[in-house]
Amino acid sequence: MTQPTVAVVICAYTQQRWGDLQDAVESAKRQPEATEVIVVIDHEPELLLRAQARWPELRVVPNAEDRGLSGARNTGVALAEADVVAFLDDDATADGDWLAHMVEALALPDVVGVGGRATPSWPTATGAGPYPDELLWIVGCSYAGLPAEAADVRNVIGSSMAFRRDVVLAAGGFRSGIGRVGNQPLGCEETELCIRIAQQQPGSRIRYEPRSNVSHRVSPDRVTMRYVRRRSYYEGISKAVLSRRVGARDSLSSESTYLTRVLPRALVRELGALGRGGGTRAVAIVSTVVGTVLGYGIGRVFGSVVVRAPAPVAPVRESVRTS
């Protein structure tokens, strides 16, 4: 079987992550399987110029669609010339064999997408803060409740994933109106794409491959109970949008098991560890459930009205480049 060509797409929106972005891009460049690396800047002109000057050998381009992660990813997919498009977050650093395991998984029959493992890199001053392993999805990392070994799953985690490019194009790409815009902690755009692919191509498979690992940096502002509540609320909003788009049955199929089995066991465990941090983690679990259910209910009733639109930004010309 011919080895597929692979494009790695990294999307960025803020100069505050400049150091992380450099680490992410360099880790992508080191992947033996990567035939091209594309950096997409989401409507941030100064960051675009800075990145173009840093990597003149790469395709560093502005987001050609609406502001947000979905549009930035679609821009990368449109520009890619490879068989496979892999996505790496701008604050994630890939292991040396990250792509190798993804390419191997995509060679399996009917597998059209694969997600890797995202391991949190905690701030040294705060550690893991209020997070039990079951809540690591809040910071974009693999969480307890995912398969322990490689297995088929409903959807991947966005910080580390790869798809056959033709399948993404046939599905219509990532949908705008869902997913992260700037620092607004919405999500589910990759979940929506995976579900839509499964609906359009019955028999296709999405694979989880934990050997494909990235180190996902967690900033200090995300290791707080305030962020737990905020992120959970917006996750509920995102699930409401997802339910309207692909149906409640598919959009909540994995969440029902998580809410009725995984989290109750975690809560009992943490209540048994009172005095050893268990109380804080138990409160985080309860806050997550309450926040997500509240956000979902509000999202179902009021729809997209509850999501504040981002401020307009100045257009960016793709031809601008510094030497």
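Look above for the structure.
Calculation notes
Residues numbered from 1 in each chain as written. Predicted model: local features only at pLDDT ≥ 70, side-chain atom pairs only at ≥ 80, totals over all residues. Heavy atoms only, no water. Helix = DSSP H or I, 4+ residues; strand = E, 2+ residues; numbered from the N terminus. Buried < 20%, exposed > 50% of the residue type's maximum accessible area, 1.4 Å probe, protein only. Areas by Shrake-Rupley, 256 points an atom, 1.4 Å probe, with all protein chains shown as cover. Salt bridge = Lys/Arg side-chain N within 4 Å of Asp/Glu carboxyl O. Axes fitted to C-alpha atoms, helices over the stretch in contact; angles between N-to-C directions. Parallel < 35°, antiparallel > 145°, perpendicular 65-115°, else oblique. Left-handed = near helix turned anticlockwise from the far one by under 90°. Contact = heavy atoms within 4.5 Å. Phe/Tyr/Trp six-rings, centres within 6.5 Å; stacked < 30°, edge-to-face > 60°. Pairing = 2+ DSSP bridges. Polar contact = N/O pair within 3.5 Å; in protein donor to acceptor, adjacent residues only side chain to side chain.

### Describing the overall build of the protein
Okay, step 1: Scanning the protein for helices and strands turns up ten helices and nine strands.
Okay, step 2: In the protein, which comprises 323 residues, the share counted as buried stands at 53%.
Okay, step 3: Looking at the protein as shown, the accessible area adds up to about 14,300 Å², and 53% of this sits on carbon and sulfur atoms.

### Here we look at the pattern of salt bridges
Okay, step 1: Taken as a whole and assessed by the stated rule, the structure comprises 24 salt bridges.
Okay, step 2: The closest approach of N and O atoms between Asp 152 and Arg 205, which form a salt bridge, is 2.9 Å. Taken together, the residues span a long stretch of sequence, with Asp 152 in strand E7 (residues 151-153) and Arg 205 in strand E9 (residues 205-217) at a distance of 53 residues.
Okay, step 3: You can call Asp 152 partly exposed: its relative accessible area is 39%.

### Examining the environment of Leu 294
Okay, step 1: Looking at where Leu 294 falls in the secondary structure, it is placed in helix H10 (residues 278-302).
Okay, step 2: Taking the C-alpha atoms as reference, Leu 294 lies 6.6 Å from Tyr 233; in sequence the two are 61 residues apart.

### What to know about the packing of helix H6 (residues 189-200) against helix H7 (residues 225-246)
Okay, step 1: H7 packs onto H6 with a crossing angle of 15 degrees between their chain directions and a minimal axis gap of 11 Å. The orientation of H6 with respect to H7, classified from their angle, is roughly parallel. The two elements H6 and H7 cross, and the hand of that crossing is right-handed. Here H6 contributes Thr 191, Glu 192, Ile 195 and Gln 199 to the contact with H7, which in turn contributes Leu 242, Arg 245 and Val 246.

### Some details on the packing of aromatic side chains
By convention here, two paired aromatic rings are described through the distance between centres and the angle between planes.
Okay, step 1: Counted under the stated rule, the structure contains five aromatic pairs.
Okay, step 2: Arranged with centres 5.7 Å apart and planes meeting at 75 degrees, the rings of Tyr 143 and Tyr 258 form a pair that is edge-to-face. Of this pair, Tyr 143 sits in the loop between strand E6 (111-121) and E7 while Tyr 258 sits in helix H9 (residues 253-271), and the two are 115 residues apart along the sequence.
Okay, step 3: Classification of Tyr 143 as partly exposed rests on a relative accessible area of 25%.
Okay, step 4: Take Tyr 258: its relative accessible area is 13%, and that puts it in the buried class.

### As for the environment of Ala 125
Okay, step 1: Tracing the sequence through the fold places Ala 125 in the loop between E6 and E7.
Okay, step 2: Residue classification places Ala 125 among the exposed positions, given a relative accessible area of 77%.
Okay, step 3: Sequence-wise, Ala 125 and Pro 220 are 95 residues apart; in three dimensions their C-alpha atoms are separated by 8.3 Å.

### Looking at the pairing of E6
Okay, step 1: Burial of E6 is extensive: eight of the eleven residues sit out of reach of the surface.
Okay, step 2: Summarising the sheet, E6 and E9 pair through ten bridges and their orientation is parallel. If you follow Arg 117 over to E9, its bridge partner there is Asn 213.
Okay, step 3: Inspection of the sheet shows E6 paired to strand E8 (residues 160-164) by three bridges, in the antiparallel sense. From the neighbouring strand, Gly 113 faces E8, where its bridge partner is Phe 163.

### With respect to the side chain of Asn 63
Okay, step 1: Considering the arrangement of structural elements, one finds Asn 63 in the loop between strand E3 (59-62) and helix H3 (69-79).
Okay, step 2: In terms of polar contacts, Asn 63 uses its side chain to reach the side chain of Asp 42, at 2.9 Å.
Okay, step 3: Of note is the side chain of Asn 63, whose polar atom sits 2.9 Å from the backbone oxygen of Asp 66.
Okay, step 4: Beyond its immediate sequence surroundings of up to four residues, Asn 63 is in contact with Val 40, Ile 41, Asp 42, His 43, Gly 68, Gly 71, Ala 72 and Thr 75.

Without other data, these values stay purely geometric and don't point to any function.
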